[in-house]
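Structural overview for review
One letter stands for each residue in the lines below.
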Amino acid sequence: EETAQDHEQVPEQDFKCKPAGRELEETAQDHEQLPEQDFKCKQAGRELEETAQDHVFTWLGQSPVYKSLCFTAVHKHFPNALPASVVHERTRMVLEQEFGFRPETTLLGSSFCPDEINNQLQDLATVMRNYYGKIYPMGGIGGVPYVGETGFRAFSSHVGDDGDIIVVFGPHVGVSIDGKVGDYQREGQGKVSTACGAVIGAYKACLCNDEDCSIEINEKDMQMSEIMQEFAPHVKKLESAEDPIAESSYVAYEMVKDRMLRIVNTTFGSGRLVLIGGIQLNLPFPDTDDHFLPLMFEVRQEGREPISLMDCFVNPSIQQNLAFCPWSTVTAQREVFAWMNWSPPAASPLNKTMHKFFPGALPGEAVHRRVVTILSEYGFGPSNVLLGTSFCPDEINNTPTSMGVLMQDYWGEVFPMGGISGVAFTGVTGFAAFSGHVADDGHILVAFGPHVGISEEGEVGKIRRSGQAGLSDACGEVIGAYNACLTGWKDDKGDSSYDLEMDFCKRAIAPHAAAIQRAENPVAALTHQAYHTVQRSVDASVNTDFGNGYLCLVGGIQINMPCGYADHFYPMRFELQREGQRTLNLLTNLLEFREIF
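What you are looking at is a predicted structure, and each value in this text was computed from that prediction instead of being measured. (Residues numbered from 1 in each chain as written. Predicted model: local features only at pLDDT ≥ 70, side-chain atom pairs only at ≥ 80, totals over all residues. Heavy atoms only, no water.)

Looking at helix 7 (residues 124-132), one finds that the buried residues are Leu124, Ala125, Thr126, Val127, Met128 and Tyr132. Along its buried surface, helix 7 packs onto helix 6 (84-99), strand 2 (106-111), strand 3 (135-137), strand 4 (164-169), strand 8 (273-282) and strand 9 (291-300). Of the residues one or two after helix 7, Gly133 is the one with positive phi, at around 105°. (Buried < 20%, exposed > 50% of the residue type's maximum accessible area, 1.4 Å probe, protein only. Helix = DSSP H or I, 4+ residues; strand = E, 2+ residues; numbered from the N terminus. Contact = heavy atoms within 4.5 Å.)

Counting buried positions along strand 4 yields six of six residues, so the element is predominantly enclosed. Burial along strand 4 is two-sided: the residues Asp164, Ile166 and Val168 and Ile165, Val167 and Phe169 are all buried. Note that strand 2 and strand 4 share six bridges and pair parallel. If you follow Ser111 over to strand 4, its bridge partner there is Phe169. In terms of strand pairing, strand 4 meets strand 8 through five bridges, oriented parallel. Directly across from Val168, in strand 8, lies its bridge partner Ile276. (Pairing = 2+ DSSP bridges.)

A word on the side chain of Thr126. Mapped onto the elements, Thr126 comes out in helix 7. On the basis of relative accessibility, which here comes to 4%, the residue Thr126 falls in the buried class. When residues no more than four places from it in sequence are discounted, the contact partners of Thr126 are Asn118, Asn119, Gln120 and Leu121.

For the rest of this paragraph, the subject is the pairing of strand 2. Across the six residues of strand 2, six count as buried, placing the element largely inside the fold. On strand 2, burial covers both faces: Thr106, Leu108 and Ser110 on one face and Leu107, Gly109 and Ser111 on the other are all buried. Both strand 2 and strand 3 contribute to a ladder of three bridges, which runs parallel. Each bridged residue has a counterpart across the sheet, and for Leu108 the counterpart in strand 3 is Ile135.

This part is about the pattern of salt bridges. Per the counting criterion, the structure on display carries 23 salt bridges. A salt bridge links Arg465 to Glu395; the nearest nitrogen and oxygen atoms lie 3.2 Å apart. Here Glu395 lies in the loop between strand 12 (385-390) and helix 16 (403-411) and Arg465 lies in the loop between strand 16 (462-463) and strand 17 (472-473), a separation of 70 residues in the sequence. The class of Arg465 is buried, set by a relative accessible area of 13%. If you follow the salt bridges from partner to partner, you end up with Glu226, Glu230, Asp258, Arg259 and Arg262 in one network. (Salt bridge = Lys/Arg side-chain N within 4 Å of Asp/Glu carboxyl O.)

Next up on the list: the packing of helix 6 against helix 7. Running from amino to carboxyl end, helix 6 crosses helix 7 at an angle of 40°, the nearest separation of the two axes being 8 Å. As summarised for this structure, helix 6 and helix 7 are arranged oblique, according to the angle between their axes. The handedness of the crossing between helix 6 and helix 7 comes out as right-handed. Facing Ala84, Ser85, Val87, His88, Arg92, Leu95 and Glu96 of helix 6, the residues of helix 7 in contact are Leu124, Val127, Met128, Tyr131 and Tyr132. The residue makeup of the contact of helix 6 with helix 7, split by class, is eight nonpolar, two polar and two charged. (Axes fitted to C-alpha atoms, helices over the stretch in contact; angles between N-to-C directions. Parallel < 35°, antiparallel > 145°, perpendicular 65-115°, else oblique. Left-handed = near helix turned anticlockwise from the far one by under 90°. Nonpolar A, V, L, I, M, F, W, Y, C, P; charged D, E, K, R; others polar.)

Glancing now at the nonpolar core. The nonpolar side chains of soluble globular proteins are, as a tendency, buried together. In terms of nonpolar packing, the biggest core is built from 65 residues, with Leu95, Ile166, Phe297, Leu375, Trp411, Leu445 and Phe574 touching the most fellow members. Apart from residues no more than four positions distant in its own chain, Trp411 is found in contact with His368, Val372, Leu375, Phe380, Gly381, Pro382, Val385, Leu387 and Leu445. (Core = buried A, V, L, I, M, F, W, Y, C linked by side-chain atoms within 4.5 Å.)

The residue Glu501 is located in helix 19 (residues 500-509) in this model. Not counting residues up to four positions away in its chain, the partners in contact with Glu501 are Gly419, Ile420 and Phe425.

Put simply, Ala195 and Cys196 share a cis peptide bond, and its omega is 5°. Summarising the element assignment, Cys196 is placed in the loop between strand 7 (193-194) and helix 9 (197-208). Cis geometry is adopted by the peptide bond preceding Pro286, which originates at Phe285 and carries an omega value of 5°. Relative to the helices and strands, Pro286 resides in the loop between strand 8 and strand 9. In this structure, Lys67 is a non-glycine residue whose phi angle is positive, near 75°. Note on placement: Lys67 falls in the loop between helix 4 (52-59) and helix 5 (69-77).

Purely spatial values, then, with no claim about function.
Quick look at the structure:
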């Protein structure tokens, strides 16, 4: 059920599910017919458009804002570049769903320039390494795979029997906040520096050389010598380009691709070789994520023709100009999240159930990114924030896509306040100890809420756990307490058993059990009631006496999703409290989507 109060907190026009139509679906036929050239670099003009996809990525803090100098430069010179994490999700989904790839049988290699700005958490090689496991770096300066045939032969000999290989490669280039291609503001430096320094240095060195002067290999600088040899024939053409540095990135890509194709083979076994090539864009950190312009996505196998999968980066419904297609904004979030494989397809029973009983639920990653973006405006940063959580300790709440884990990975150390059901059982004493650890002038962030599973078939309160054939309850304790109340549980003070937290859950649910049983979906209603119980326990524990910093409360319902989808979070509270000041309600800021710029 949705009350008037819920309606006020989660505006229907922004988040209510619209009836799914054909425009939200991608069939196998669509996938086959999308021509590769639709994604290839287009003529100038992409920088003048904002798509639904752009809007969502900016809302998440991944991409530069439309009409900014950085946005214009990126989409003018590298149209259709995507956040690196999105490239990973799209390639991963296609390889797993259409070709049966598995992380445990996949060997990952990369060929990028060793510049440290290519090895941040948000960069493609790092994102893929964190998913697939180990990585074999083949690249030298400029991204060229200087390890050669010998290096690839050694690398490919490490693949498991019948295993597959993925190699991701390409040069990199910086784009500064003022839109200058080739510039990058490195952390701790007061002025910009070049990126890629090797590629730009080679281009400029060739400009200074006599046109007829041959470039010899310098054994003390072999990699740079080869890049200069590659650039020398193109230097006059590059010099006359609208943006020579942007154009140089494409010359560098062709060089990296050429060397890669010369060293790889498919004779390592019966598995597949996947080549993902493109140009890595180092964007202003930490305001945006680094991007990647895919120019090659191909599956090869011994004795078979290569298969191009470039069409996996195309989705016309979210990549059309909002100026002429404003309707695509309405379902933009859900379509983009489904395209990124964060959320289930719009027409699936899982998606329909989730948005019926938890309208406005978002992938945990989306909520986390929005919280970080908004709190940064109030001076919150990893160095001055102490994190507390009050979630049920169920192991399914401790996966990489769970809210508590996402927040801990970003904010750092955590003080877990929650017991079974998510209630803050550490109480007043626990918070007093926790808040005593906050840095001088620091802030406290507390995230809390119950959790609930939803099965692939759309059954609320059920989840298939790793290694189990059947479904089990989630949250088992909340559902168990509810069932006990329905079967006549009484609060027996003389009972000698020890089940402190479960007894509390039963006492909290008992007065509401009959009303919950009459609901359209009793487990969904039970979960909303559990949220209020958890919220009351948090409110009874916290205070703002710890100093002059803010206390931030992020409350909602954690939704455990089936394997293959990111866990979601239904935000119900987001506020800042400070001693002697009025409370700031930021829930609308977190959820608002259409008018954020």
